[in-house]
Amino acid sequence: MTRRAQLKGIAASIGVAVGPARMIGIEHGRRPHRRIEQGAVARELARFAQAVSSSRAEIEAAKQELTQRHGPTYAPILDVYLLMHADALLIDAIADVIREERINAEWAVSQVVERLRRPLLEDASPYFQERANDIEHVREHLLRHLSGEQRSERPADGPTVLIARDLSPADAVHMLAPPTVGLVTELGAESSHTAILARTFGVPAVVGVGPLPIEIEDGEPVLVDGFSGKVTLGAALDERKAADGRRDRFRAFLESERSTEAVTRDGVSISVAANIELLSEVEAALQNGAEGIGLYRTEFMCLDRGEPPREEEQLELYRKVVSGMAPRTVVFRTFDWRGDKRLRAHDLGERQRAWLKTQVRAVLRASGEGSVALMFPMVATVAEFLGARALVEECRAELREQSATLKPVAVGMMVEVPSAALLAERFAEHADFFAVGTNDLAHHTLAFDRRDSGSAANPLDPAVLGLLERTISAAIRAGIPCSMCGGMAADPVALGLALGFGYRQFSVPASAVPLARAVIRNVDVEAASAVARDALGCGSADAVRQLLLERLGPELGALWKEQGLV
Amino acid sequence: MTEVLSVTVEVKNRLGLHARAAAKLVNVANQFKSQIEVSKGEQVADAKSIMGVLLLCGGQGARITFRISGPDAPSALTALCALVADGFGELP
């Protein structure tokens, strides 16, 4: 019987993957629940103890791997998981249930975990939701080890596509490596840790597809399209062959694009830099020929602690990134806690101000290792930006007193709030540079809610395009650099439009740098300007997209088709 | 009768006993032989149990109380107070 289903999720990491499914922690009522004889209790307890110890060993190994790859900053995330493996309320309680209710270990694990999670889920605070996730992740680890499946036994005879509800950080670190060639998760968003790690490790991924519509078994063929966000379960042979071909061609394409130049058809030089979240992405950025780091998102180091690390810890990390990229410039974006408006550059409480200063000091101190720039997110008023600049000056003065050697550091701002784009001319008098975040700008312009999952605001909406045009024009008139670092820059269809508006600097995920250069080489800036003028007169995002497909298609059509975009 | 040492301290970091801080607290508690109880308001937990401490979850400014009894109670008290005063190693 052939069962086939197509899903649409968020394209979280580009590339195409085809392979047999490997289900992680997704059960379709097949978890064995059975009662056991009195005489079998001791054996069941031993089996459970064995699973706990091998699961713990696996997380220890993941912790070491994480420390090796990313330094000591992130590893403590896994301490919580390790401690849970030795916890009386969890582990001893499970053993008690096995003993007293005479049920098998899988059932006991689920019972106890449910009991512990229920009160957490009833509480709306993100803190308790997160803890509920932690326990859920530990349950999945334990169940996997009870099933006798261990990572050391993962099939080495060929590529697999992981399908999971979500990956715990431990799993993500460990499993996003060969033979895993692709990832599909039911949960997750573009900025969830799973998506970030998939991009870092270059594994094509689609996240947030929602509950799987059909039951699929390990080994069934799955096709992951990390360009379009499409997933095909039970893909037919011809689809698989076509996807294999695309994958191989994309690999060859990346290889051939490693050292190409970003010059348009009419000879305009363009700069393509990389967005990164982790130190380990520096290597990928360099390999793909990025001309710098256009957006270094620093929130990842606060994962699971909600607070930034200390100055020295940040400095150590920043120095590595800056010296790794030298002499290219690294643009740091200060902490941007989504939804936590208190951490904007304005209206800071004393504590938040102290955190921001800690980060700014660390960035300024790291400037000695290479070339550094600093920018603030979510700036909405000129007064806020002036406040942020004053804070930088305060830090600089303090550091000078401590006779630290500092290089000049440009101080810029993200243009991602409509007010900033509307007043771009005024902001340009005070900012050393702009970086446009197209996702957030579209989001705020079109009044989307962050919790609107499944749909994203379209930056091609003419209202957003008007703001993009206004921003770049103001920057050009003021003579300050203005880069585009949102999703629009990484979209092979929309990138031509941005060139038409006058954008000459882009920053995209490290893995998308070669593709952006290939698009740029196929665009004629003069022709694109005419398209851009016409786009401003369109009535909808769809009309704009149609216009781009028609007018840029003759030069870019082949490339788009290859990436499955049209 | 075993002597019980008791001290109440204020959790200073913003998220209080968030997961990472809780892990540190439990790791420190586990270095000692003494029995260590941590409580906040009515809630009481074993300081050596991550689940217990996570469920206790102090918000910012929360006051937590340690009750420690056992052979190495004084050094446990010192170590735990130092950890909390230090903001679990996370104050700037």
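Residues numbered from 1 in each chain as written. Chains lettered and ligands numbered in written order. Predicted model: local features only at pLDDT ≥ 70, side-chain atom pairs only at ≥ 80, totals over all residues. Heavy atoms only, no water.

> Just checking my understanding: could you explain the overall build of chain B for this structure?
Summing up its helical and strand segments, chain B has three helices and four strands in all. The order of α-helices and β-strands along chain B, N terminus first, is β-α-β-β-α-β-α. The burial tally for chain B puts 52% of its 92 residues in the buried class. Across chain B, the fraction of contacts at a sequence separation of at least 24, relative to all contacts at a separation of at least 6, is 70%. Accessible surface for chain B amounts to roughly 4,000 Å². Of this, 51% is attributable to carbon and sulfur atoms. (Helix = DSSP H or I, 4+ residues; strand = E, 2+ residues; numbered from the N terminus. Buried < 20%, exposed > 50% of the residue type's maximum accessible area, 1.4 Å probe, protein only. Contact = heavy atoms within 4.5 Å. Areas by Shrake-Rupley, 256 points an atom, 1.4 Å probe, with all protein chains shown as cover.)

> What is the right way to look at the packing of aromatic side chains in this model?
Aromatic ring pairs are described here by two measures, namely the spacing of the ring centres and the angle between the planes. Residues and elements named next belong to chain A. As enumerated under the stated definition, the model contains five aromatic pairs over all chains in all. Between F227 and F250, the ring centres sit 4.9 Å apart and the planes meet at 85°, which makes this aromatic pair edge-to-face. Taken as a pair, F227 in the loop between β7 (221-225) and β8 (230-233) and F250 in helix α8 (residues 237-257) lie far apart in primary sequence, 23 residues in all. Each member of the pair, F227 as well as F250, carries the same accessibility label: buried. A centroid spacing of 5.1 Å and a plane angle of 55° characterise the contact between Y296 and F332, whose relative ring orientation is tilted. Here the residue Y296 occupies a position in strand β10 (residues 292-297), and F332 occupies one in strand β11 (residues 329-333), the gap between them amounting to 36 residues. In terms of burial, Y296 and F332 fall into one category: buried. Taken together, the ring pairs in this structure connect F227, F250 and F253 into an aromatic cluster. (Phe/Tyr/Trp six-rings, centres within 6.5 Å; stacked < 30°, edge-to-face > 60°.)

> Help me understand the pairing of β10(A) in this model?
Looking along a regular strand, one sees side chains alternate from face to face of the sheet. Residues and elements named next belong to chain A. Of all six residues in β10, five are buried, a share of seventy percent or more. Both strand β9 (residues 271-276) and β10 contribute to a ladder of three bridges, which runs parallel. In the sheet register, A274 faces β10, and the bridge partner there is I293. For the segment spanning β9, helix α9 (residues 281-287) and β10, crossover handedness is right-handed. Where β10 lies against β11, four bridges are found, and the strand directions are parallel. Following the sheet pairing, Y296 is matched in β11 by F332. (Pairing = 2+ DSSP bridges. Right-handed = clockwise from strand over helix to strand, strands pointing away.)

> Explain the environment of L7(A) to me, please; I cannot follow it from the model alone.
All names here are of chain A. Checked against the element boundaries, L7 lands in strand β1 (residues 5-8). Look at L7 and you get buried, because its relative accessible area is 9%. Discounting residues that sit within four places of it in the chain, L7 has contacts with V209, L212, P213, G229, K230, V231 and L233.

> Looking at this structure, I do not really get the sheet that holds strand β12 (residues 371-376) of chain A. What am I missing?
Two strands in a sheet stick together by hydrogen bonds in their backbones, pointing the same way (parallel) or opposite ways (antiparallel). All names here are of chain A. Read around the closed barrel, eight strands run β9-β10-β11-β12-β13-β14-β15-β16, paired in parallel fashion. Adjacent strand axes in the sheet meet at a mean angle of 30°, parallel and antiparallel pairs treated alike. By the bridge criterion, five bridges tie β11 to β12 in an arrangement that is parallel. The partner of V330 across the bridge, within β12, is V372. (Axes fitted to C-alpha atoms, helices over the stretch in contact; angles between N-to-C directions.)

> Explain the packing of helix α15 (residues 438-445) of chain A against helix α16 (residues 462-478) of chain A to me, please; I cannot follow it from the model alone.
Axes are the key here: two packed helices are described by the angle between their axes and the distance separating the axes. Residues and elements named next belong to chain A. Running from N to C, α15 and α16 point in directions that differ by 125°, and their axes come no closer than 9 Å. Between α15 and α16, the angle is such that the two are oblique. Relative to α16, the crossing made by α15 is right-handed. Contact residues: α15 offers T438, L441, A442 and T445, while α16 offers A463, V464, L467 and L468. When the residues that make up the contact of α15 with α16 are grouped by side-chain class, the tally is six nonpolar, two polar and no charged. (Parallel < 35°, antiparallel > 145°, perpendicular 65-115°, else oblique. Left-handed = near helix turned anticlockwise from the far one by under 90°. Nonpolar A, V, L, I, M, F, W, Y, C, P; charged D, E, K, R; others polar.)

> It is not clear to me how the packing of helix α2 (residues 77-84) of chain A against helix α1 (residues 19-29) of chain B should be interpreted in this structure. Could you clarify?
Following both chains from N to C, one finds α2(A) and α1(B) inclined at 55°, their axes separated by 8 Å at the closest point. With respect to their mutual orientation, α2(A) and α1(B) come out oblique. Crossing handedness for the pair α2(A) and α1(B): left-handed. Within the contact between the two elements, α2(A) uses I77(A), D79(A), V80(A) and L83(A) and α1(B) uses A19(B), R20(B), A23(B), V26(B) and N27(B). Residues that form the contact of α2(A) with α1(B) fall into these classes: six nonpolar, one polar and two charged.

> In this structure, what is going on with the sheet that holds strand β4 (residues 63-69) of chain B? I would like to understand it.
All names here are of chain B. One open sheet holds the four strands; their spatial order is β1-β4-β2-β3, and the pairing between them is antiparallel. Here the strands that pair on one side only, and so sit at the sheet edges, are β1 (5-10) and β3 (43-46). Between one strand axis and the next, the sheet turns by 25° as a mean value, whatever way the strands run. By the bridge criterion, six bridges tie β1 to β4 in an arrangement that is antiparallel. Residue pairing in the sheet places L5 in a bridge with I68 of β4. Running over the sheet, helix α3 (residues 73-85) touches β1, β2 (35-40) and β4 and is turned about 5° from β1.

> I tried to follow helix α4 (residues 105-122) of chain A on my own but got confused; where do I start?
It helps to recall that an α-helix has 3.6 residues per turn; residues three or four apart then point in one direction. Residue and element names in this part refer to chain A. Over its 18 residues, α4 extends 26 Å from the first C-alpha to the last, a length consistent with the 26 Å expected when each residue adds 1.5 Å. The largest bend in α4 is about 25°, located at L116, with the proline P119 one to four residues further on. Those residues of α4 lying buried are A105, E106, A108, V109, S110, V112, V113, L116, R117 and L120. (Expected span 1.5 Å × (residues − 1). Bend = angle between axes of the 7 residues up to and from the residue.)

> What am I meant to see in the nonpolar core here?
Where a protein is soluble and globular, its nonpolar side chains tend to be buried together. Residues and elements named next belong to chain A. Judged by nonpolar contacts, the single largest core of 107 residues is most densely connected at Y318, F434, L497 and Y503. Of all the elements, helix α20 (residues 541-562) adds the most residues to this core, at eight residues. Apart from the residues lying within four places of it in its own chain, the contact partners of Y318 are Y296, T298, M301, F332, F335, Q359, A362, V363 and A366. (Core = buried A, V, L, I, M, F, W, Y, C linked by side-chain atoms within 4.5 Å.)

> When you look at the pairing of β3(B) in this model, what are you seeing that I'm missing?
Relative to β3(B), β2(B) runs antiparallel, the two being bridged by four bridges. Bridging across to β3(B), E37(B) finds its partner in D46(B).

> It is not clear to me how unusual backbone geometry should be interpreted in this structure. Could you clarify?
Residues and elements named next belong to chain A. For the peptide bond that leads from A326 to P327, omega is 5°, which places it in the cis range. Along the chain, P327 falls in the loop between α10 (311-325) and β11. For R102, which is not glycine, the phi dihedral falls at a positive 50°. Checked against the element boundaries, R102 lands in the loop between α3 (88-101) and α4. The phi angle at M378 is positive, at roughly 55°, despite the residue not being glycine. If you trace the backbone, M378 turns up in the loop between β12 and α12 (382-401). Taking relative accessible area as the criterion, M378 reaches 9% and is therefore assigned buried.

> What's the story with α16(A) in this structure? I'm lost.
Residue and element names in this part refer to chain A. Taking 1.5 Å per residue, 17 residues should reach 24 Å; α16 reaches 24 Å between its end C-alpha atoms and fits that length. All buried positions along α16 are accounted for by P462, V464, L465, L467, L468, T471, I472, S473, A474 and A475. Where α16 begins, the side chain of D461 points an oxygen toward the backbone nitrogen of A463, at a separation of 3.0 Å. Among the residues trailing α16, G479 stands out with phi positive, at a value near 75°. (Polar contact = N/O pair within 3.5 Å; in protein donor to acceptor, adjacent residues only side chain to side chain.)

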